[in-house]
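# Analysis of the macromolecular model
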Amino acid sequence: MSAKKYAETLQLIEELTTNADSIQQKVLAEILEQNKGVEYLKRFELDGATDRETFKSKIPIITYEDIRSDIQRIADGDRSPILSAHPVIGFFTSSGTSSEERKLIPVIEGETERRRSVRLLKPAVMNLFVPEPDKGKGLYFYFVKSETRTAGGLVAQPATSHYFKSDKFKRVMSEAKVFTSPIESILCPDLFQSMYTQLLCGLLDRHQVVKIGALFSSILIRIMKFLQLNWQELAHDIMSGTLNKRVTDPSIRNCIAKILKPDPELAEFIRFVCSNENWEGIIKRIWPNTNYLDLIITGGMAQHIPTLDYYSGGLPLASTLYGCSECSFGINLNPLCKPSDISYTIIPNTTYFEFLPHNCDSPGLACDSPPRLVDLVDVEVGKEYEIVVTTFTGLYRYRVGDVLRVSGFHNSTPQFQFIGRKNVLLGIDINETELQKAIGNAAQILSKCNTSVVEYTTFADTKTDPGHYVIYLELLSKESANSPSDEILSQCCLAIEESLNSTYRLARFEYYWIGPLEIRVVKIGTFEELMDYAISSRGASMNQYKVPRCVNLISMIEILDSKVLSVHFSPSVPH
């Protein structure tokens, strides 16, 4: 971008956030006008109305289950205007890690560009914090998932895969030369070949790298573990100028052959750095010009912040964009802030947003019936809401499932902190942030044994009487002789229980309808196996996979239970 283009983009952000309500009304009217003849809107007798008041009075608030049959009709080949007036050209798929099966989100012509318009705001914002953000190259680890087709012949794939396979992205890769990874490596569906060659190219271009990123923090952690396992082979390739025989993709081999030349000095450097048992600051040592790490670290991803700090030597963590399979939401206008301060400013011109007060539909709570949704500009600072969207693709008053807390406003547009996913954690309203803090308190106890929490997830075990909650922990002990004892891990159980909310503690302390919390310690590498399973068997993409903070899929529970090393229970009830 030129300086002029940066200034124009920042001015656009100011205009959008200043006129948020009028823009939102215009977006809703455009969506309803465009789709006024569709079957779904006719069911509720909207009769072509495009105003906000009529829309709210007639169109119900829904979840995916409410339109599953409509989407299935489209997937099976029904081409009538069921949800959208524009033909559905394919589906974006959810990861499938927090529900029984992947969701299919309809895609129409122009949807990729609509989402891309939010991403195009990012360079101008980064320019305010990082000098010349377009200089140098980015070592970004991107992956695709092989597409599938529905019974009706429509392509179903993750949104990221769709974008990376697009002509627009391929053109950027060939013309701009802003990434170290060749497009051939990104488009290879085989994870090993893709990961290996993206790392190899990043090593060859190490002095040009000024930023390192992936979609989620968990991906970069996986990359670091992959480097620990494969640095010797990578060094051998660089020393000899020949590519590992395990990389068989012809397009990758042809591409790498043009850039891989014998470089004994670089190979020796990699051997020297990576053979050291202490990998603290390894990222900065290998890629010395790196300014920041660009990845999502909010919600359950916050678990990885200490590990990222360890590997990077404390590089800034930039969590820049917020979106999901359904649509793009917003941008972090202060991308190098502390992780605890990350807030996303909603961009109001791509989707119509409403907000359901969090827990409004929980039993026993006073609430309007039906619940009254709040418009974008009318949310209140400090309150939590579930986000509800109406999109050009045919989702109307659709509950995404993300819970957000209003942290402030930029002009007339609210800024939100991501709290977590609704209904994917324990059944008594424990959100991801609360659980993360509880695990953090247990981690403090474990740190006395030089042991850290690598990863975790939870499971509600209803086979016992009373039922109880299980936490699977993958631990890393720096000193095997000083690994945590059964007593220490039992203390961790109690520390977690005492960190949970009063509803949980009351259920344990007074009513006894929840049994003692259980920790199951699993083998190192268990959560990588869980990821591999989700990618190979559940259809998730490496880009979109997030460790589920609560598992209910029997197949995933079986994987976890097969890796259990030890079991520990809380020794007493929490206060």
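Source: prediction; values computed, not measured. (Residues numbered from 1 in each chain as written. Predicted model: local features only at pLDDT ≥ 70, side-chain atom pairs only at ≥ 80, totals over all residues. Heavy atoms only, no water.)

### Quick word on helix α16 (residues 305–312)
- Looking at α16, one finds that the buried residues are Ile305, Leu308, Tyr311 and Ser312. Buried residues in α16, looked at end-on, bunch into an arc of 130°, giving them a common side.
- In this structure, the buried side of α16 is in contact with α12 (217–240), α15 (282–286), β7 (292–296) and β8 (317–318).
- In the segment just after α16, Gly313 is the residue with positive phi, at about 75°. (Buried < 20%, exposed > 50% of the residue type's maximum accessible area, 1.4 Å probe, protein only. Helix = DSSP H or I, 4+ residues; strand = E, 2+ residues; numbered from the N terminus. Arc of directions from axis to C-beta. Contact = heavy atoms within 4.5 Å.)

### Quick word on the packing of α12 against helix α14 (residues 264–274)
- With their axes 7 Å apart at the nearest point, α12 and α14 run at an angle of 165° to one another. When the interaxial angle is binned, α12 and α14 end up roughly antiparallel. Viewed along their axes, α12 and α14 form a crossing whose handedness is left-handed. The residues of α14 that touch α12, namely those facing Trp231, Ala235, His236, Ile238 and Met239, are Pro264, Leu266, Ala267, Ile270, Arg271 and Cys274.
- Split by residue class, the contact of α12 with α14 holds nine nonpolar, one polar and one charged. (Axes fitted to C-alpha atoms, helices over the stretch in contact; angles between N-to-C directions. Parallel < 35°, antiparallel > 145°, perpendicular 65-115°, else oblique. Left-handed = near helix turned anticlockwise from the far one by under 90°. Nonpolar A, V, L, I, M, F, W, Y, C, P; charged D, E, K, R; others polar.)

### As for the environment of Ser325
- Checked against the element boundaries, Ser325 lands in the loop between β9 (321–323) and β10 (328–331).
- According to the relative accessible area criterion, Ser325 is buried, its value standing at 15%.
- Taking the C-alpha atoms as reference points, Ser325 and Pro288, 37 residues apart in sequence, are found 35 Å from one another.

### A short note on the sheet that holds strand β2 (residues 104–108)
- Strand order in the open sheet formed by four strands is β2-β1-β5-β4, and the pairing between neighbours is mixed. On the outer flanks of this sheet lie β2 and β4 (148–149), each paired with one strand and no other.
- Inspection of the sheet shows strand β1 (residues 88–93) paired to β2 by five bridges, in the antiparallel sense. Looking at β2, one finds that Val88 is bridged to Ile108.
- Its contacts with the sheet put helix α5 (residues 64–75) on β1 and β2, and the angle it makes with β2 is roughly 55°. (Pairing = 2+ DSSP bridges.)

### Considering the sheet that holds strand β15 (residues 398–410)
- Taken in spatial order, the eight strands line up as β9-β10-β11-β16-β15-β14-β12-β13 in an open sheet, and their pairing is antiparallel. Two strands close off the open sheet at either side, each with one partner strand: β9 and β13 (374–375).
- In the sheet, strand β12 (residues 352–357) pairs with β13 via two bridges, with the strands oriented antiparallel. Across the sheet, the residue bridging to Glu354 is Asp375, located in β13.

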